[in-house]
Amino acid sequence: MLKIASVPYLNGVPLIEGIEGVILRPPSQLGELLTTKKAAVVLVSAIEVLRHGWDYVPGIAVASPGKTDSVRLHYKVDLAKIRRVALDRNSRSSNTLARIILERSHKLRPRYVERDPSRSVSMKDVDAALTIGDTSFRPVGLPFLDLGTEWRGLTGRPFVYALWAFLPGHPLAREMGTVLRQAKARGLAHIGEIAAREAKRLNLTTHFCRRYLTEYITYDLGPAERAGLKLFWKYAQALEGA
């Protein structure tokens with residue numbers, strides 16, 4: 001049986017439609033499932049794929065052309081006065097994206113800590129805090145930067161958050177691609193049903209979920225997304241080399 005692991009968020013649901021037994025974990029835990037071979041293919045943060053040189057299924061991604069509504073940097077002081085930021089312990093790509101936006105777009109050099117905001121967002125001793133996924137749908141009561149919008153403004157490119165990754169040379173690579181492309185096709189064909197189902201789980205409106213899954217999040221990895229991913233890796237390497 002092909003072991004598949006994904007994220008427990010709304011944005012990952014269309015990519016696993018009709019697949020039984022999917023392991024659901026936060027993005028920060030998926031890489032370990034892959035390296036320990038507890039899963040054969042994982043919907044992992046794009047930054048992890050780039051850092052480790054893992055293979056990935058072509059043509060599929062969790063991406064956004066701009067606004068995401070689910071990757072937010074909430075802040076309680078003027079942007080220019082941000083000095084300490086809580087990154088999301090569950091994240092990988094979005095943590096790096098937050099640093100790029102703050103440091104490259106807004107010319108800030110804050111200190112960073114990591115917290116888990118999945119139950120509640122704490123602003124204690126920080127000026128700003130990052131949330132990702134379904135956590136971002138809960139109101140925090142503070143102004144925020146939508147990091148997808150910020151990335152688009154900085155680069156003019158879409159942003160790629162996650163890819164279906166597997167270890168190089170895996171003997172089931174072809175089978176993985178077939179299974180996951182079929183799941184994606186099913187998911188996109190049943191977006192209305194998924195939106196209605198997930199709206200109940202998340203206590204959101206079906207209209208919002210459908211709009212989120214069709215306008216804010218996209219699932220193709222085409223030339224524009226690959227160009228955005230290449231630029232993200234360039235900026236990420238510049239951060240890591242600083």
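A. Main features of the overall build of the chain. Counting secondary structure elements, the chain contains eight helices and twelve strands. Taken against the 2.2 N^0.38 rule, which gives 18 Å for 242 residues, the C-alpha radius of gyration of the chain at 17 Å falls within 12% of a compact globule. Overall, the chain is about 50 × 40 × 30 Å in size when its C-alpha atoms are taken along their principal axes. If you sum the accessible surface of the chain, you get close to 11300 Å²; carbon and sulfur atoms cover 50% of it. Distance between charge centroids for the chain: 3 Å, based on 36 positive and 23 negative side chains.

B. Representation of empty space enclosed by the protein within the structure. In total, this model carries one cavity of 30 Å³ or more according to the counting rule given. What the largest cavity holds in volume is close to 210 Å³. The wall of the largest cavity is formed by 19 residues, among which N11, P27, S94, I132 and Y161 lie closest to the centre. Counting residues per element, the lining of the largest cavity draws most heavily on strand β3 (residues 41-45), at three residues.

C. Region of interest: the nonpolar core. If you look at the biggest cluster of nonpolar residues, it comprises 76 residues, and the most contacted ones within it are L147 and W164. Examining the composition of this core, we find that eight residues originate from one element, strand β11 (residues 159-166), more than from any other. Beyond its immediate sequence surroundings of up to four residues, L147 is in contact with V71, L73, S94, L97, A98, I101 and L130.

D. Focus on the packing of helix α4 (residues 147-155) against helix α8 (residues 223-240). At a minimum axis separation of 12 Å, α4 and α8 run at an interaxial angle of 90°. Put simply, α4 runs roughly perpendicular to α8. In this structure, α4 contributes W151, L154 and T155 to the contact, and α8 contributes G228, L231, F232 and Y235. Across the contact of α4 with α8, the residue classes break down as five nonpolar, two polar and no charged.

E. Examining the environment of E198 more closely. Here E198 is to be found in helix α6 (residues 191-202). According to the relative accessible area criterion, E198 is buried, its value standing at 7%. Between the alpha carbons of E198 and R119 there is a distance of 19 Å; along the sequence they are 79 residues apart. Residue contacts for E198: discarding those within four places in its chain leaves L10, V13 and C209.

F. Broad picture of unusual backbone geometry. One non-glycine residue with positive phi stands out, namely D69, at about 65°. Relative to the elements of secondary structure, D69 occurs in the loop between β5 (60-64) and β6 (71-75). You can call D69 buried: its relative accessible area is 9%. Despite not being glycine, D125 shows a phi value in the positive range, around 65°. For D125, the position within the fold is in the loop between β8 (111-115) and β9 (128-132). A relative accessible area of 54% means that D125 is categorised as exposed.

G. Broad picture of the side chain of T68. Inspection of the secondary structure puts T68 in the loop between β5 and β6. Beyond its immediate stretch of four places on either side in the chain, T68 contacts D146, G148, Y161, Y212 and Y216.

H. Structural detail: the sheet that holds strand β7 (residues 84-88). One open sheet accounts for five strands, arranged β8-β7-β9-β6-β10; its pairing is mixed. Every interior strand has two partners, whereas the edge strands, β8 and β10 (144-146), have only one. Pairwise comparison of adjacent strand axes, ignoring direction, gives a mean angle of 25° for this sheet. Each of β6, β9 and β10 is contacted by α4, which is oriented at about 60° to β10, the strand it contacts most.

I. Local environment of the pattern of salt bridges. If you walk through the whole model with that rule in mind, you get eight salt bridges. Measuring nitrogen to oxygen at the nearest pair gives 3.8 Å for the salt bridge that ties E198 to R197. Since its relative accessible area comes to 40%, R197 is described here as partly exposed. For E215, the salt bridge is made with R211, and the minimal N-O distance between the two is 3.1 Å. Placement of both E215 and R211 in helix α7 (residues 206-216) is noted, with a separation of four residues, approximately one turn of the helix. Classification of E215 as partly exposed rests on a relative accessible area of 44%.

Quick notes on the rules
Residues numbered from 1 in each chain as written. Predicted model: local features only at pLDDT ≥ 70, side-chain atom pairs only at ≥ 80, totals over all residues. Heavy atoms only, no water. Helix = DSSP H or I, 4+ residues; strand = E, 2+ residues; numbered from the N terminus. Rg over C-alpha atoms; globule rule 2.2 N^0.38 Å. Areas by Shrake-Rupley, 256 points an atom, 1.4 Å probe, with all protein chains shown as cover. Lys, Arg positive; Asp, Glu negative; His and termini not counted. Charge placed at Lys NZ, Arg CZ, Asp CG, Glu CD. 1 Å grid on protein atoms, 1.4 Å probe; cavity = no way out; pocket = protein on both sides within 12 Å on 5 of 7 lines; lining within 4 Å. Points joined across faces, edges and corners; volume = space filled by probe spheres on them. Core = buried A, V, L, I, M, F, W, Y, C linked by side-chain atoms within 4.5 Å. Buried < 20%, exposed > 50% of the residue type's maximum accessible area, 1.4 Å probe, protein only. Contact = heavy atoms within 4.5 Å. Axes fitted to C-alpha atoms, helices over the stretch in contact; angles between N-to-C directions. Parallel < 35°, antiparallel > 145°, perpendicular 65-115°, else oblique. Nonpolar A, V, L, I, M, F, W, Y, C, P; charged D, E, K, R; others polar. Pairing = 2+ DSSP bridges. Salt bridge = Lys/Arg side-chain N within 4 Å of Asp/Glu carboxyl O.

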